[in-house]
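# Coordinate inspection notes
What follows is each chain in one-letter form.
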Amino acid sequence: MLSTPVISGSRPVRPTVSPTRLRPADLLRITDQGAQDVLDGRFEHLVPGGEWPTAARWSSRLHADDDVDVWLISWVPGESTELHDHAGSLGALTVLSGTLAEYRWGGSELKYRTLTAGDQASFPLGWVHDVVQAPDTSAGLGEPTLSVHAYSPPLTAMSYYEITDQGSLRRTRTTLTDLPEGLSA
Ligand SMILES: [Fe+2]
């Protein structure tokens, strides 16, 4: 007669399989270095006409390889990203100037925070958020907020979401894109 298997009271811990060899800490370091490079003027040649675009959100890819894409984004008032995720990519950002407002889905409601110059944030898999230039941005009037973002593996898709009348998150569409932060929408 077979004996009854002993079931442990604690569930076995299964290691999470990451889609990238880079860790969130690596992405934070990469965006920090990217931000410093922008501040040092290394990417001035990418800025159209030498002036930060103020009419619409703008981005330029600073670096790309098999592991990571790095983007510089210029944010202007009122242009949000919509609620989105980063599909199978981890992400991180560093704010160079001004202030970003982030609304992140916390499971039952949106969590709000602001990120100002020098602040960093990383985004694990499953992170759903909406990002916009904060109305009380510390950038000067008419000045864009600037941030550097890294995604690993490089972005290939984003899904967009809405909050239902029942207070749950519902995915509305998925877009194949390698552009950051809702710029494909
Ligand atoms: Fe995002």
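Up top you'll find the structure we're talking about.
The structure reproduced in this document is the subject of the present report. The shown structure was predicted, so the numbers you read here are calculated from the model rather than taken from an experiment. (Residues numbered from 1 in each chain as written. Predicted model: local features only at pLDDT ≥ 70, side-chain atom pairs only at ≥ 80, totals over all residues.)

### Some thoughts on the overall build of the chain
If you tally the helices and strands in the chain, you get one helix and 10 strands. N-terminal to C-terminal, the α/β element order of the chain is α-β-β-β-β-β-β-β-β-β-β. Going through the 185 residues of the chain one by one, you find that 33% of them count as buried. For the chain, restricting intrachain contacts to residue pairs at least 6 apart in sequence, the fraction spanning at least 24 positions comes to 71%. (Helix = DSSP H or I, 4+ residues; strand = E, 2+ residues; numbered from the N terminus. Buried ≥ 20, exposed ≤ 12 C-beta atoms within 10 Å, placed from the backbone. Contact = placed C-beta atoms within 7 Å.)

### Thoughts on helix 1 (residues 24–39)
Taking 1.5 Å as the rise per residue, helix 1 with 16 residues should run 22 Å; its terminal C-alpha atoms sit 23 Å apart, in good agreement. Along helix 1, the residues that are buried comprise L27, I30, T31, G34, A35 and V38. End-on view of helix 1: buried residues confined to an arc of 135°, all on one side of the axis. Contacts from the buried residues of helix 1 go to strand 1 (58–64), strand 2 (69–75), strand 3 (90–97), strand 6 (120–123) and strand 8 (145–152). Looking one or two residues beyond helix 1, the residue adopting positive phi is G41, at roughly 90°. (Expected span 1.5 Å × (residues − 1). Arc of directions from axis to C-beta.)

### Here we look at the sheet that holds strand 5 (residues 110–116)
Pairing within the open sheet is antiparallel, and its three strands lie in the order 5-4-7. For this open sheet the edge positions go to strand 5 and strand 7 (129–133), each flanked by a neighbour on one side alone. Adjacent strand axes in the sheet meet at a mean angle of 20°, parallel and antiparallel pairs treated alike. Where strand 4 (residues 99–105) meets strand 5, seven bridges bridge the pair, whose relative direction is antiparallel. Residue pairing in the sheet places L100 in a bridge with L115 of strand 5. (Pairing = 2+ DSSP bridges. Axes fitted to C-alpha atoms, helices over the stretch in contact; angles between N-to-C directions.)

### Regarding the sheet that holds strand 2
Strands sit in the order 1-2-8-3-6 across an open sheet of five strands; the sheet is antiparallel. The sheet is open, and its two edges are formed by strand 1 and strand 6, each paired on a single side. Strand-to-strand twist in this sheet, taken as the mean axis angle between neighbours without regard to direction, amounts to 20°. Pairing analysis gives seven bridges linking strand 3 to strand 8, with the strands arranged antiparallel.

### Quick notes on the pairing of strand 3
Within strand 3, eight of the eight residues are buried, leaving the element largely enclosed by the surrounding structure. Here strand 3 pairs with strand 6 via four bridges, running antiparallel. In the strand pairing of strand 6, L93 is matched with A121.

Distances and angles like these do not, on their own, reveal function.
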